Amino acid sequence: KLLLTDPDPADIDPRDIAHHLSIIPRYCGASKHRWSVAQHSLLCLSELYRHYPGFVTEDLHLDLALLLHDAHEYIYHDLTTSLKQLLNTQSNLYKQLCDQFDIKCQERFGFEVTPQAAEIIKTIDLTCLRAEAAVLMSSKGHDWVWPDYIKTDVEYLSKLIVKEKDEVIEEKFF
């Protein structure tokens, strides 16, 4: 029911997001074992609680914002970084659609992402991406370029990157 170019916030169903993100693979499925977008989001949430507990108390919606940081992928899918860059170089349409959906999600769930929260979300997202690459990718992420401020405790996070059934992931997500 969602219009891809102008989704109505009332049509955004959290169960649909949870279901779709639990079956959409990260890295377009090119990982050592199955790892979904929902699993990535839950890993990010665990990092938020571990590193920013005080901020979560101050910003009651930061955990929800982080959990939903890739929600747009439930309708636009998880594309490879190189394909996203190509699409955005050609028209910027993919980024515009994702940004618009993120705003509609915020409307639907009643929160706004502050600049400080956006910075925390981006840092956690990249931190978890780095750990996932180390565990799930054959290159271990060694050939990827990481910002200097991204410090990842791969040993700790690798213990959280485990195989789970889709139903368990979906249930945990919402």
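Reading guide: rules and limits
Residues numbered from 1 in each chain as written. Predicted model: local features only at pLDDT ≥ 70, side-chain atom pairs only at ≥ 80, totals over all residues. Heavy atoms only, no water. Helix = DSSP H or I, 4+ residues; strand = E, 2+ residues; numbered from the N terminus. Buried < 20%, exposed > 50% of the residue type's maximum accessible area, 1.4 Å probe, protein only. Contact = heavy atoms within 4.5 Å. Areas by Shrake-Rupley, 256 points an atom, 1.4 Å probe, with all protein chains shown as cover. Phe/Tyr/Trp six-rings, centres within 6.5 Å; stacked < 30°, edge-to-face > 60°. Lys NZ or Arg CZ within 6 Å of the ring centre and 35° of its normal. Disulfide = S-S within 2.5 Å. Expected span 1.5 Å × (residues − 1). Salt bridge = Lys/Arg side-chain N within 4 Å of Asp/Glu carboxyl O. pLDDT = per-residue confidence, 0-100.

Engineer: For this particular structure, what's the right way to read the overall build of the protein chain?
Structural biologist: Check the secondary structure of the protein chain and you find ten helices and zero strands. Listing the helices and strands of the protein chain from first to last along the sequence gives α-α-α-α-α-α-α-α-α-α. Within the span of the protein chain, comprising 174 residues, buried residues form 44% of the whole. In the protein chain, the share of contacts with a sequence separation of at least 24, taken over all contacts with a separation of at least 6, comes to 71%. When the accessible area of the protein chain is evaluated, it comes to approximately 9600 Å², of which 55% is carbon and sulfur surface.

Engineer: Sorry, what's going on with the packing of aromatic side chains here?
Structural biologist: Here a ring pair, both rings aromatic, is described through the centre-centre distance and the interplanar angle of the planes. Under the counting rule described, the total for this entry stands at two aromatic pairs. Relative to F101, the ring of Y74 lies with its centre 5.7 Å away and its plane at 65°, an arrangement referred to as edge-to-face. Of this pair, Y74 sits in helix α5 (residues 73–76) while F101 sits in helix α7 (residues 93–109), placing them 27 residues apart in sequence. Given a relative accessible area of 0%, F101 falls into the buried group. Between Y76 and F101 the ring centres are 6.4 Å apart and the planes differ by 85°, which places this aromatic pair in the edge-to-face class. Residue Y76 is located in helix α5, and its partner F101 is located in helix α7; the two are separated by 25 residues in the primary sequence. Each member of the pair, Y76 together with F101, is buried. The rings of Y74, Y76 and F101 are connected pair by pair, giving a single aromatic cluster. Positioned above the aromatic ring of Y27 is the side chain of R26, whose terminal nitrogen or guanidinium carbon lies 5.3 Å from the ring centre.

Engineer: Which parts of the structure should I look at to understand the state of the cysteines?
Structural biologist: A covalent bond between the sulfur atoms of two cysteines is referred to as a disulfide. Counted according to the given criterion, the structure contains zero disulfides. Sulfur of C44: no disulfide; nearest cysteine sulfur belongs to C128 and is 3.8 Å away.

Engineer: In this structure, what is going on with α7? I would like to understand it.
Structural biologist: In an α-helix there are 3.6 residues to a turn, and that puts residues three or four apart on one side. The terminal C-alpha atoms of α7, which comprises 17 residues, lie 24 Å apart, in line with the 24 Å expected from a rise of 1.5 Å per residue. Among the residues making up α7, those that are buried are Y94, L97, C98, F101, K104, C105, Q106 and F109. Elements in contact with the buried residues of α7: α1 (14–23), α4 (62–67), α5 and α6 (81–90). In the segment just after α7, G110 is the residue with positive phi, at about 70°.

Engineer: Sorry, what's going on with the side chain of Q106 here?
Structural biologist: Within the secondary structure, Q106 is located in helix α7. If we ignore the near neighbours within four places in the chain, the residues touching Q106 are F111, E112 and V113.

Engineer: When you look at the pattern of salt bridges in this model, what are you seeing that I'm missing?
Structural biologist: Tallied over the full model, the rule gives six salt bridges. Notably, a salt bridge pairs D6 with K104, separated by 3.1 Å at the nearest N-O pair. Note that D6 is positioned in the segment before α1 and K104 in helix α7, a separation of 98 residues in sequence. Among the residues examined, D6 registers a relative accessible area of 40% and is labelled partly exposed. Residue classification places K104 among the buried residues on the basis of a relative accessible area of 15%. Notably, a salt bridge pairs K84 with E73, separated by 3.9 Å at the nearest N-O pair. Of the two residues, K84 sits in helix α6 while E73 sits in helix α5, which places them eleven residues apart along the sequence.

Engineer: Where do I start with the confidence of the model for the protein chain in this structure?
Structural biologist: For residues with low pLDDT, the predicted coordinates do not support detailed interpretation. On average, residues of the protein chain score 85 in pLDDT, and 90% of them reach the 70 mark or higher. Confidence, read as mean pLDDT per element, is least for helix α10 (residues 166–173) in the protein chain (58) and greatest for α7 (94).

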